[in-house]
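In case you want the letters, here they are:
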Amino acid sequence: MKSIIVGTAGHIDHGKTALVRALTGIDADRLPEEKRRGITIDIGFADLDLGDVRIGFVDVPGHERFVKNMLAGAHGIDLVALVIAADESVMPQTREHFDICRLLGVKQGLVVITKKDLVEEELLQLVHAETEDLIAGSFLEGAPILAVSSRTGDRIEDLKTALRELGSLVPERASEFITRLPIDRAFTMRGFGAVVTGTLIAGEVNEGEELELMPAGVRVRVRGVQVHGAAVTNALAGQRTAVNLSGIEAAAVERGMTLAPVGRLRPTQIIDARVHLLDGAPRALRSRQRIRVHIGAAEVLARVRVMETTGEIKPGEIGFAQLRFESPIVGVLGDRFIIRSYSPQSTIGGGSVLDSAAAKHRWRDLGRISVRLRNLWDGDRPQQLAEFVADAERHGLHRSEVAARTGWRDEVIEAANKQALVDGAVVDAEGVMVSPEVFDELKRDVLAEVATHHKREPLSRGLPKEILRERYFGHSPPELLRAVLAQLEKQGAVIAEKEIVRLREHTRELSETDKKLRERLEQIYRDAAVEPPSMNEAFERAGLNDAIPHGRKILQLLIESGALVKVHGEMFFYREALDTLAKKLRDYASRQSNRTIDVPGFKELAGVSRKYAIPLLEYFDRQRVTRREGDRRIVL
Ligand SMILES: Nc1nc2c(ncn2[C@@H]2O[C@H](COP(=O)(O)OP(=O)(O)O)[C@@H](O)[C@H]2O)c(=O)[nH]1
Ligand SMILES: [Mg+2]
């Protein structure tokens, strides 16, 4: 069976609560004060089973002073029942509530003219005509207008039929979004603990599961779930839902918080939004103005930063603005909100969240920002995703950050991502998304830096990756450098070794003098065999006294090519000499029953002094040619 939410709307005393009672038999005025004063102060609830449609009513207060309570209930409704009393016709809160429904994007509903029993047919016709004027050009144009009496029950059955018909037309709630339950009531129930209620706007709440209370970020467990007053194992999107929570005191939960899957949403205090100012707003919306924002069931104060060249959004106009909240909220792309003036409090407009993780903008970037916000507003999902990715610049964007901004389920993010990749709107850098522009820019930076390095140090093998990381990837996750290098390697531009990057065409072309120098040094070490000179001595013999740093580079080349081996400090050996010695050692060992040799034995075998014997043996230990045991070596 289908579950839908119907919200009442309309001026105080126009018979909203009486109408809900006539339809359901339930008095939605539950507070003692409401019963005593005969007025609705806070939202109330009732439900009605119409066979194929099950309706959860949210009855709202009509009094001007309680619009904020009305807003806590109005955000998740499928249908509005706009109530107009036949004896008073359209009044201020009729208009305000109706405006709110339009700003919240309510798409369907009907008008109920109440107190039919109190007026003559002629007056009823007049109210009917005024009602049609009110709704002309809105989502309610052409919707049923029914005149009823809650007192006599006249046409209440017809109203039920109309509700059932409309209800069957309400589209299923989109399944693309993660679970969200904005909390409109929190209280303690004896023996159960904390209970919260709300309209489940997306997803489902299951008994036993863990959820996160946002924006506080507290983990809670679902002890029990109720829908329409009966215990269920899970509540579905579009149902009025009560959840018994464990892991938290009721006092720590308040109206305006949201239950969501663990780790999925992120609290924010800055959003970019598209704002629509009502025709009847007393003045234009300007930067630094302090406003009340109602989003979900929450009411939070915020300062406006208008993102329009004119610096303002005039009554009746739509524009972009940044809202900076005085306390954290949660919201995702497309969430609707209502704006009320700080004082005196009245509804002045509403809007849609575009970027819930916005950064403070610079005024001179306005042009670029407008384009981006427009794309977020009217783009499809792959385009929206690409905008978020582009905005992340060199930080790149993880899927979790897309999830927090959009509330999309994983499959939806994956599909959008795939399409954006196909369109060439994003690049997948080992799981991190970056814009193609940023990726190309990084590639250019890397190539230029490596090329400069080669020019500056022609004898160096290449540029340490660490330098690239520091200079260009300081703000990026490690995946990005890896992906850029992998891509440059694939294109044949560079060769990336463990810690070094070089251009593919980079060869250390030695000058004729350097070539000769290398040969000379190599000769010196070859001749010295197991008794090599110190480095400085070698340079001296090669006639290099005045150019030691240059000599080191040439020496380094000999080491890299494998001709020389560093054995200890600045003691280098000709590799072949070491190999010969190792072989000698093994031959010697094979003639011993215990395969061991001590230092004097080694000195004799190698024909070297102690100065060389110790470093050589330690080198052989490291190379696992020998293993030290006390003052002897076992040849392995
Ligand atoms: N005669 C008559 N009185 C009604 C009707 N509906 C509501 N009332 C009365 O109008 C007053 C306000 O009704 P209520 O439902 O509290 O209005 P709300 O403020 O819109 O919720 C109450 O005294 C109701 O008894 C109706 O259809 N006929
Ligand atoms: Mg009422």
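Residues numbered from 1 in each chain as written. Chains lettered and ligands numbered in written order. Predicted model: local features only at pLDDT ≥ 70, side-chain atom pairs only at ≥ 80, totals over all residues. Heavy atoms only, no water.

Draft legend 1. How the structure looks around the overall build of the protein chain. Within the protein chain, the regular secondary structure consists of 19 helices and 33 strands. Relative to the compact-globule value of 26 Å for 636 residues, the protein chain shows a C-alpha radius of gyration of 38 Å, a clear excess of over 25%. Dimensions of the protein chain, computed from the C-alpha atoms along their principal axes, are close to 125 × 60 × 40 Å. Of the contacts formed within the protein chain by residues at least 6 apart in sequence, a portion of 67% connects residues at least 24 apart. Summed over all atoms, the accessible surface of the protein chain reaches about 29,600 Å², with 47% contributed by carbon and sulfur. (Helix = DSSP H or I, 4+ residues; strand = E, 2+ residues; numbered from the N terminus. Rg over C-alpha atoms; globule rule 2.2 N^0.38 Å. Contact = heavy atoms within 4.5 Å. Areas by Shrake-Rupley, 256 points an atom, 1.4 Å probe, with all protein chains shown as cover.)

Draft legend 2. Just the coordination of the magnesium ion (ligand 2), in detail. For the magnesium ion (ligand 2), the full set of protein donor atoms is T17 (OG1) and T40 (OG1), at a range of 1.9 to 2.0 Å. Of this pair, T17 sits in helix 1 (residues 16-24) while T40 sits in the loop between helix 2 (32-37) and strand 2 (44-49), and the two are 23 residues apart along the sequence. Taking relative accessible area as the criterion, T40 reaches 9% and is therefore assigned buried. (Donors = N, O, S within 2.8 Å, 3.2 Å for Na, K, Ca; no water. Buried < 20%, exposed > 50% of the residue type's maximum accessible area, 1.4 Å probe, protein only.)

Draft legend 3. The pairing of strand 8 (residues 193-199), seen in detail. Extensive coverage of strand 8 is indicated by the burial of six of its seven residues. Where strand 7 (residues 181-189) and strand 8 come together, six bridges link them in antiparallel fashion. Bridge pairing in strand 8 links M189 to G193. Remark: three residues form the turn of the hairpin made by strand 7 and strand 8, two consecutive strands paired antiparallel; G191 in that turn has positive phi of roughly 85°. As defined by bridge partners, strand 8 adjoins strand 14 (residues 240-246) across five bridges and the pair is classed as antiparallel. Following the sheet pairing, G198 is matched in strand 14 by T241. (Pairing = 2+ DSSP bridges.)

Draft legend 4. Just the site of ligand 1, in detail. In the neighbourhood of ligand 1, 15 residues make up the surrounding shell, with D13, K16, A18, D117 and S150 lying closest. Here H14 contributes a backbone N or O atom positioned 3.3 Å from an oxygen atom of ligand 1. Between ligand 1 and K16 there is a distance of 2.8 Å, counted from an oxygen atom to a backbone nitrogen or oxygen. In the complex, the protein chains occlude 81% of the 570 Å² of accessible area that ligand 1 would expose alone. For the shell around ligand 1, the residue count by class is three nonpolar, seven polar and five charged. (Near = heavy atom within 4 Å. Polar contact = N/O pair within 3.5 Å; in protein donor to acceptor, adjacent residues only side chain to side chain. Nonpolar A, V, L, I, M, F, W, Y, C, P; charged D, E, K, R; others polar.)

Draft legend 5. Quick look at helix 3 (residues 67-74). A large share of helix 3 lies buried, amounting to seven of its eight residues. Considered for burial, the residues of helix 3 that qualify are V67, N69, M70, L71, A72, G73 and A74. Packed against the buried residues of helix 3 are strand 3 (53-59), helix 4 (92-103), strand 7, strand 18 (290-295), strand 22 (336-341) and strand 23 (347-355).

Draft legend 6. Region of the structure containing the environment of L373. One can find L373 in helix 7 (residues 366-378). Exposure remark for L373: the relative accessible area of 0% places this residue in the buried category. Discounting residues that sit within four places of it in the chain, L373 has contacts with D272, F320 and L354.

Draft legend 7. Broad picture of the side chain of D29. Relative to the elements of secondary structure, D29 occurs in the loop between helix 1 and helix 2. Within the buried core, D29 has no salt-bridge partner, and the shortest N-O distance to an opposite charge, that of R21, equals 6.0 Å. A distance of 2.8 Å separates polar atoms of two side chains, one belonging to D29 and the other to T40. Filtering out sequence-adjacent residues up to four positions away, D29 remains in contact with T17, E34, K35, I39, T40 and D59. (Lys, Arg positive; Asp, Glu negative; His and termini not counted. Salt bridge = Lys/Arg side-chain N within 4 Å of Asp/Glu carboxyl O.)

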